[in-house]
Amino acid sequence: MIASTVAAGAIALAGLSAVPARADEFINVLTGGTSGVYYPLGVALAKIYGDGIPGARTQVQATKASVENLNLLQQGKGEIAFSLGDSVKMAAEGNAEAGFKAPLDKLRGIAAIYPNYIQIVASRESGIKTLADLKGKSLSVGAAKSGTELNARAIFAADGMTYEDLGKTEYLPFAESVELMKNRQLDATLQSAGLGVASLKDLATSVAINVVAVPKAVAEKLGAPYVAATIPANTYDGQADDTETVAVVNFLVTRSDVSDETAYQMTKLLFENLPAMTAAHNAATAIKIEDAVKGMPIPLHPGAERYYKEKGLL
């Protein structure tokens with residue numbers, strides 16, 4: 001009798017554990033530094049997925065952004081990640097110089113989201129107003145082999161410069177770069193992010209700044225996925241005029257072994273909850289479903305593809 005009761009209990013427990021088929025769904029959202037744009041958007045996305053995908057547990061991981069995120073996805077250490085388009089392209093190609101030892105064959109696209117603007121900001125007292133003015137000065141180009149730093153290298157090359165032209169090159173994340181500038185230990189910082197990034201807003205309230213122009217000719221020389229763009233006047237305190245720069249589109253990326261249903265839900269819930277994303281950071285105002293599959297440098301995940309077919313985009 002006892003044995004049969006125990007057996008019945010075990011069967012009941014087994015039945016209970018089988019009911020929510022997705023109870024063990026875990027979604028790790030790979031973002032960037034906490035003072036950038038990826039992080040607050042990742043926090044919003046994790047909440048959207050936690051609330052909208054039955055049985056899902058979500059986590060937000062702060063990282064060094066694009067390059068690290070893509071390598072972590074390939075290793076199965078994340079389910080969705082933010083990344084710059086040029087980093088995604090180089091990851092698929094296995095560009096060793098960019099930080100990818102071999103082609104990352106498990107990466108699959110979810111959506112093109114918003115553009116990152118290359119924002120070079122110098123202290124006004126440094127006298128830096130143009131790219132040429134950076135020669136002999138100190139500049140932080142982002143964490144080594146991060147998406148930001150890959151952008152920095154590309155822009156310098158397109159303008160006929162190298163890091164050797166600088167007085168000093170620092171490889172620091174956004175917040176640390178800003179702290180050095182506040183302490184007058186650094187002349188300028190290059191940050192690849194959505195407009196109104198928290199780190200530069202913080203800097204501009206403490207130090208008089210110049211936003212350094214990146215001419216349209218540089219964007220034309222770089223070509224896709226780079227485009228000419230403008231940082232509107234008053235994006236940051238003390239920025240009186242519009243400033244030319246280049247932009248590169250960001251993507252949300254997953255991996256091939258994430259289930260079709262989960263990828264479908266991740267895509268669908270993103271576009272059904274854009275107000276929550278915009279509330280997390282204004283950069284999300286540029287996320288538009290009609291642009292979601294434009295310029296995708298890797299294959300779409302079948303789950304995402306299903307959603308776009310339903311919406312008539314494919």
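Residues numbered from 1 in each chain as written. Predicted model: local features only at pLDDT ≥ 70, side-chain atom pairs only at ≥ 80, totals over all residues. Heavy atoms only, no water.

**Q** Just to check I follow, could you spell out the pattern of salt bridges for this structure?
**A** Pairs may arise between side chains of opposite charge once their charged atoms sit close together. Tallied over the full model, the rule gives 15 salt bridges. Glu-97 is the partner of Arg-153 in a salt bridge, and the nearest nitrogen-oxygen pair spans 3.5 Å. Note that Arg-153 is positioned in helix α5 (residues 147–158) and Glu-97 in the loop between α4 (85–93) and β4 (107–123), a separation of 56 residues in sequence. On the accessibility criterion, Glu-97 (57% relative accessible area) is exposed. Arg-184 serves as the salt-bridge partner of Glu-125, at 3.2 Å between the closest nitrogen and oxygen. Remark: Arg-184 occurs in the loop between α6 (174–182) and β7 (188–193) and Glu-125 occurs in the loop between β4 and β5 (138–140); sequence separation between them is 59 residues. (Salt bridge = Lys/Arg side-chain N within 4 Å of Asp/Glu carboxyl O. Helix = DSSP H or I, 4+ residues; strand = E, 2+ residues; numbered from the N terminus. Buried < 20%, exposed > 50% of the residue type's maximum accessible area, 1.4 Å probe, protein only.)

**Q** Explain the nonpolar core here, please?
**A** Note that soluble globular proteins tend to have their nonpolar side chains buried in a common cluster. Judged by nonpolar contacts, the single largest core of 100 residues is most densely connected at Tyr-49, Ile-80, Leu-134, Leu-270 and Phe-271. Ranked by residue count, the leading element in this core is β4, at 11 residues. The residues contacting Leu-270, other than those within four sequence positions of it, are Leu-45, Tyr-49, Ala-111, Ile-113, Leu-252 and Met-277. (Core = buried A, V, L, I, M, F, W, Y, C linked by side-chain atoms within 4.5 Å. Contact = heavy atoms within 4.5 Å.)

**Q** How should I be thinking about the packing of helix α3 (residues 66–74) against α4 in this particular structure?
**A** When two helices pack together, their arrangement is given by the angle between the helix axes and by the axis-to-axis distance. Put simply, α3 and α4 touch, their axes get as near as 9 Å, and they point 40 degrees apart. Viewed along their axes, α3 and α4 adopt a mutual orientation that is oblique. The handedness of the crossing between α3 and α4 is right-handed. Here α3 contributes Ser-66, Val-67 and Leu-70 to the contact with α4, which in turn contributes Ser-87, Val-88 and Ala-91. (Axes fitted to C-alpha atoms, helices over the stretch in contact; angles between N-to-C directions. Parallel < 35°, antiparallel > 145°, perpendicular 65-115°, else oblique. Left-handed = near helix turned anticlockwise from the far one by under 90°.)

**Q** Explain helix α7 (residues 198–206) here, please?
**A** Given 3.6 residues to a turn, an α-helix orients residues that are three or four positions apart in the same direction. Of all the positions in α7, only Ser-199, Leu-200, Leu-203 and Ala-204 are classed as buried. For α7, the arc enclosing every buried residue in end-on projection is 130 degrees, short of the 170-degree limit, so these residues lie on one face. (Arc of directions from axis to C-beta.)

**Q** What is the right way to look at the packing of aromatic side chains in this model?
**A** Between two aromatic rings, the relevant description is the distance of the centres plus the angle of the planes. Enumeration over the complete set of coordinates arrives at seven aromatic pairs. The interplanar angle of 70 degrees and the centroid separation of 6.3 Å between the aromatic rings of Phe-271 and Tyr-308 together place this pair among those described as edge-to-face. Of this pair, Phe-271 sits in helix α9 (residues 260–272) while Tyr-308 sits in helix α11 (residues 302–310), placing them 37 residues apart in sequence. We note that Phe-271, like Tyr-308, is buried. Site record: aromatic cluster; members linked through ring pairs are Tyr-264, Phe-271, Tyr-307 and Tyr-308. (Phe/Tyr/Trp six-rings, centres within 6.5 Å; stacked < 30°, edge-to-face > 60°.)

**Q** How should the pairing of strand β1 (residues 26–30) be read in this particular structure?
**A** Along a regular strand, successive side chains alternate from one face of the sheet to the other. β1 sits mainly inside the fold: four of its five residues count as buried. Note: β1 against strand β2 (residues 57–61), five bridges, orientation parallel. Each residue of the ladder has a partner; that of Val-29, found in β2, is Val-60. In the classification by handedness, the crossover that spans β1, the intervening helix α2 (residues 38–52) and the parallel β2 is right-handed. (Pairing = 2+ DSSP bridges. Right-handed = clockwise from strand over helix to strand, strands pointing away.)

**Q** I tried to follow the layout of surface pockets on my own but got confused; where do I start?
**A** Gaps between atoms show up when a probe of the same size as a water molecule is rolled over them. Empty space within the largest pocket amounts to approximately 350 Å³. Looking at the largest pocket, it is lined by 25 residues, and the ones nearest its centre are Gly-32, Gly-33, Lys-64, Ala-65 and Phe-174. Sorting the residues of the lining of the largest pocket by element identifies β4, α5, α6 and β7 as the ones contributing at least two each. Here the lining of the largest pocket is built from residues that sort into 10 nonpolar, 13 polar and two charged. (1 Å grid on protein atoms, 1.4 Å probe; cavity = no way out; pocket = protein on both sides within 12 Å on 5 of 7 lines; lining within 4 Å. Points joined across faces, edges and corners; volume = space filled by probe spheres on them. Nonpolar A, V, L, I, M, F, W, Y, C, P; charged D, E, K, R; others polar.)

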